[in-house]
Amino acid sequence: MRLLQNRYRLQLLNALSLLLLLGLWQFLAFYLNSNTLPTPAVVAKVFWQETVSGQLPYHLGITLFRLVVSFTIAMLLGCALGIVLGCNKALDAFFDNWLVIFLNIPALVAIILCYVWFGLVESAAILAVVINKLPNVVVTVREGTRTLDQDLLEMARCYHFGRRKTFIHVVWPQLHPFLMAATRSGLALIWKIILVVELLGRSQGMGYQLHLFFQLFDVAGILAYTLAFVAVIQLIELVILKPLDKKAQRWRR
Amino acid sequence: MTAIAIDIHSKTYSAQGTAPAHRAIANLKLTLTSNEFICLVGPSGCGKTTLLNIIAGLDPDFKGDIRLETGHKKPVIGYVFQNPRLLPWRTVRENITLALAGEHAPETVDALLDIMQLTQAQHVYPERLSLGMSRRVSIIRAFAVNPDILLMDEPFVSLDAPTARQVRNLLLELWQRRPHTVLFVTHDLREAIALADRLLFLSPSPMTVMGEISVPIARAERNDEAQVEAFRQKLLAHYPEIKTLL
């Protein structure tokens, strides 16, 4: 009962903090009375108009599609490479410099080079995002692989688990926290990069729309699109990541 | 039926950091007959775990030869590690069944859980278990694979005396139901006398066999602490050097 009360109190606190932010925004907009900071009501109106006209869902959908594709490629490839490098010292030593170089290539440089080399096409856009995210996943998963519990691996060897069983039951659960870290930081990083990719070389998507709004000095439009996207990312966190995390962590006391 | 012939010329750990190379085992020869319960008694750090790892095939980096004679088939090894080494994200029952290859009879696991008094806890995750319970799970896992050779590395260390006695009795009960060759590492002489057919005394590293003694107390009387203590006193009186090994 007390726990329940505590939970309600926390939810109330959460709602209050959001309300306070809205209030602050309203107050500032009212006080400044400028086109550069529209009130929440104006932004909500633009949001509604853009949604009804189908513009927002269309551009948001395209950006989300790019996010899913590039995220999936970066995670799958990154996990595989991370595990291999974590297990093999020689390969790790060989590729370590590559990783450091790729980790430090500015996102903008990767995007420009991809467009210059492969043209203003969809695959170049996706590749640019993957190049930006991949080293990050590789490094995180490699660190995870390095810290694998050798005692448990020995136990698995002693009881003839075999590769598949060892991977599913011994290795994967230990990598889980690292994968979640890579997923969360990945989502946050990728969607920001995708906007730049779209702004520079695509004619649909959130980045393209934001560019348009910028040229028209339409701050309400910019804020409406931003809020929509933040809401979607929050939804992914709530509907997919949190439950996944909870299920994987159920063994903890 | 499994006999083991061990002949290790040397096992050396290479230098690490500022620590020089270290010879853990030198000229160790011993033979175990089938279904024999042997206790290895030696000081801490003398290389007992290294020896068990070599026998289990976990450490191939040594000079010498280990022969496990099981007739035609590859011997199955059950290993009770010093730490229980349970997968924290799998339940007690899953930890046991994962060690079993392919199809297995759930009744065997049920029976073992019952003997070790863990039926109630079978769907619990290991973090909720006490150390004693975790150790019992790792013993069940080792028995469940129906081993030809059972390796036990100080499995009762850090258990309180009554719990240790209880788990020891359960272990003997299991072993008498299905005999197999057991190598049990301990530095508790009382425990060794209560369990073993034969005691092997090991020297500090580089480890080698210093002597061996058969325990003359009948199995039925092993629970009699006075008899065990009397034999221990006799041993210590005859071989005072044993004291340096404990």
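None of these values were measured; they are calculated from a predicted model.

**Q** I would appreciate a short explanation of the overall build of chain A in the present structure.
**A** Of the regular secondary structure elements, chain A holds 10 helices and 0 strands. Sequence-ordered secondary structure for chain A, helices as α and strands as β, is α-α-α-α-α-α-α-α-α-α. Dimensions along the principal axes, computed over C-alpha positions, put chain A at roughly 70 × 60 × 30 Å. Residues classed as buried in chain A amount to 40% of the 253 residues present. Counting contacts in chain A only where the partners sit at least 6 residues apart, residues at least 24 apart contribute 72% of the total. Here chain A displays about 15,400 Å² of accessible surface, and carbon together with sulfur accounts for 70% of that area. Counting 22 positive and 12 negative side-chain charges, chain A places the averaged centre of each group 9 Å from the other.

**Q** I keep staring at the sheet that holds strand 7 (residues 181–186) of chain B and nothing clicks. Help me out?
**A** Across a sheet, paired strands are connected by hydrogen bonds in the backbone, their directions being either parallel or antiparallel. All names here are of chain B. The 6 strands are arranged 5-6-7-3-8-9 in an open sheet whose pairing can be described as mixed. Both edges of this open sheet fall to strand 5 (77–80) and strand 9 (209–214), since each of them pairs with a single strand only. Strand after strand, the sheet turns through a mean of 15° between neighbouring axes, direction not considered. Bridge count between strand 8 (residues 198–202) and strand 9: 5 bridges; the pairing is antiparallel.

**Q** So what exactly am I meant to see when it comes to the nonpolar core here?
**A** By size, the foremost hydrophobic cluster in this structure holds 93 residues, and its most contacted members are Ile 6 and Leu 199 of chain B. Considering each element in turn, this core owes the most residues, 7 residues, to helix 5 (residues 161–177) of chain B. With residues up to four places along the chain from it excluded, the contact list for Leu 199 of chain B reads Cys 39, Leu 189, Ala 192, Ile 193, Gly 211, Glu 212, Ile 213, Val 215 and Leu 235 of chain B. Among the nonpolar cores identified, the runner-up in size contains 39 residues, and Ala 182, Leu 195, Met 206 and Ile 236 of chain A belong to it.

**Q** Is there a simple way to explain the sheet that holds strand 2 (residues 22–32) of chain B in this structure?
**A** Residue and element names in this part refer to chain B. Spatially, 2-1-4 is the arrangement adopted by the 3 strands of the open sheet, whose pairing is antiparallel. In this open sheet, the two strands that pair with only one neighbour each are strand 2 and strand 4 (63–69). Averaged over all adjacent pairs, the angle separating strand axes in this sheet is 15°, with direction ignored. Bridge count between strand 1 (residues 3–13) and strand 2: 9 bridges; the pairing is antiparallel. Along strand 2, the bridge assignment pairs Asp 7 with Lys 29. On the sheet, helix 1 (residues 48–56) packs against strand 1, strand 2 and strand 4 and is oriented at approximately 120° with respect to strand 1.

**Q** I keep staring at the interface of chain A and chain B and nothing clicks. Help me out?
**A** Many descriptions give the size of an interface as the accessible area lost when the pieces come together. Facing 19 residues of chain A, the contacting portion of chain B comprises 24 residues. The junction of chain A with chain B conceals about 2,100 Å² of combined surface from both sides, 59% of it contributed by carbon and sulfur atoms. Where chain A packs against chain B, one counts 2 salt bridges. Where Glu 154 of chain A meets Arg 85 of chain B, a salt bridge forms, and the shortest distance between an N and an O atom there is 2.9 Å. For the interface between chain A and chain B, the tally reads 9 residue pairs in polar contact (both at pLDDT 80 or more). For the side of chain A that touches chain B, the secondary-structure elements that each account for two or more residues are helix 7 (150–158) and helix 8 (162–201) of chain A. Taken together, the residues of the side of chain A that touches chain B break down into 9 nonpolar, 3 polar and 7 charged.

**Q** Would you mind showing me how to read the packing of helix 4 (residues 89–103) of chain A against helix 6 (residues 122–146) of chain A here?
**A** A pair of packed helices is captured by two measures, namely the crossing angle of their axes and the spacing between those axes. Residue and element names in this part refer to chain A. Two elements in contact, helix 4 and helix 6, have axes separated by 9 Å at closest approach and are oriented at 140°. By the angle class used here, helix 4 and helix 6 are oblique. Helix 6 is crossed by helix 4, and the crossing has left-handed handedness. In contact with Asp 92, Asp 96, Leu 99, Phe 102 and Leu 103 of helix 4, helix 6 contributes Ile 131, Pro 135, Asn 136, Val 138, Val 139, Arg 142 and Arg 146.

**Q** Even after reading the chapter, I still don't get the packing of helix 2 (residues 40–53) of chain A against helix 10 (residues 219–248) of chain A, so can you show me in this structure?
**A** Residue and element names in this part refer to chain A. In contact at an axis separation of 8 Å, helix 2 and helix 10 are set at 70° when each is read in the N-to-C sense. With respect to their mutual orientation, helix 2 and helix 10 come out roughly perpendicular. Residues Val 42, Val 43, Val 46, Phe 47 and Glu 50 of helix 2 touch helix 10, and the partners they reach there are Ala 220, Gly 221, Leu 223, Ala 224, Tyr 225, Leu 227 and Ala 228. Split by residue class, the contact of helix 2 with helix 10 holds 10 nonpolar, 1 polar and 1 charged.

**Q** Whenever I open this one, the environment of Ala 161 of chain B confuses me. Can you help?
**A** Residue and element names in this part refer to chain B. Relative to the elements of secondary structure, Ala 161 occurs in helix 5. Owing to a relative accessible area of 53%, Ala 161 belongs among the exposed residues under this scheme. Ala 161 sits 40 residues away from Phe 201 along the chain, and the two C-alpha atoms are 23 Å apart.

Cut-offs applied
Residue numbers run consecutively from 1 along every chain, following the written order of its sequence. Chain letters start at A and ligand numbers start at 1, both assigned in the order the entries are written. Only residues with pLDDT of at least 70 are given local features in this predicted model, and only at 80 or more are side-chain atom pairs given and counted; all residues enter the totals for whole chains, interfaces and linings. Derived side-chain values reflect all non-hydrogen atoms in the structure, with water molecules and hydrogen atoms excluded from consideration. A run of H or I in DSSP becomes a helix once it reaches four residues, and a run of E becomes a strand once it reaches two; helices and strands are each numbered from the N terminus. Three labels apply to residues, based on accessible area from a 1.4 Å probe with only protein chains included: buried if under 20% of the type maximum, exposed if over 50%, partly exposed otherwise in between. Only heavy atoms matter for contacts: two residues are in contact if any of them lie within 4.5 Å across the pair. Every accessible area reported is derived by Shrake-Rupley at a probe size of 1.4 Å, with residue values counting cover from the shown protein chains alone. In this tally Asp and Glu are treated as negative and Lys and Arg as positive; neither His nor the chain ends contributes. To locate a charge, take atom NZ for lysine, CZ for arginine, CG for aspartate or CD for glutamate. We call two strands paired when DSSP finds no fewer than two bridges between them. What counts as an axis is a line fitted to C-alpha atoms, over the stretch in contact for a helix, and the angles between N-to-C directions run from 0 to 180 degrees. The set of buried Ala, Val, Leu, Ile, Met, Phe, Trp, Tyr and Cys residues whose side-chain atoms join them within 4.5 Å is what this entry labels a nonpolar core. Accessible surface is computed with a 1.4 Å probe, and the buried area is the amount of it that two parts give up when combined, taken over both parts together. Throughout this description, the term salt bridge denotes a Lys or Arg side-chain nitrogen within 4 Å of a carboxyl oxygen of Asp or Glu. Two N or O atoms count as a polar contact when they lie within 3.5 Å, although within protein this holds only if one can serve as hydrogen donor and the other as acceptor, and sequence-adjacent residues are included solely when both atoms are side-chain atoms. Nonpolar residues are Ala, Val, Leu, Ile, Met, Phe, Trp, Tyr, Cys and Pro. Charged residues are Asp, Glu, Lys and Arg, and all others, Gly as well, are polar. Put simply, angles under 35 degrees are roughly parallel, angles over 145 are roughly antiparallel, angles from 65 to 115 are roughly perpendicular, and the rest are oblique. Each crossing gets its handedness from the near helix: less than a right angle anticlockwise from the far helix is left-handed, clockwise is right-handed.

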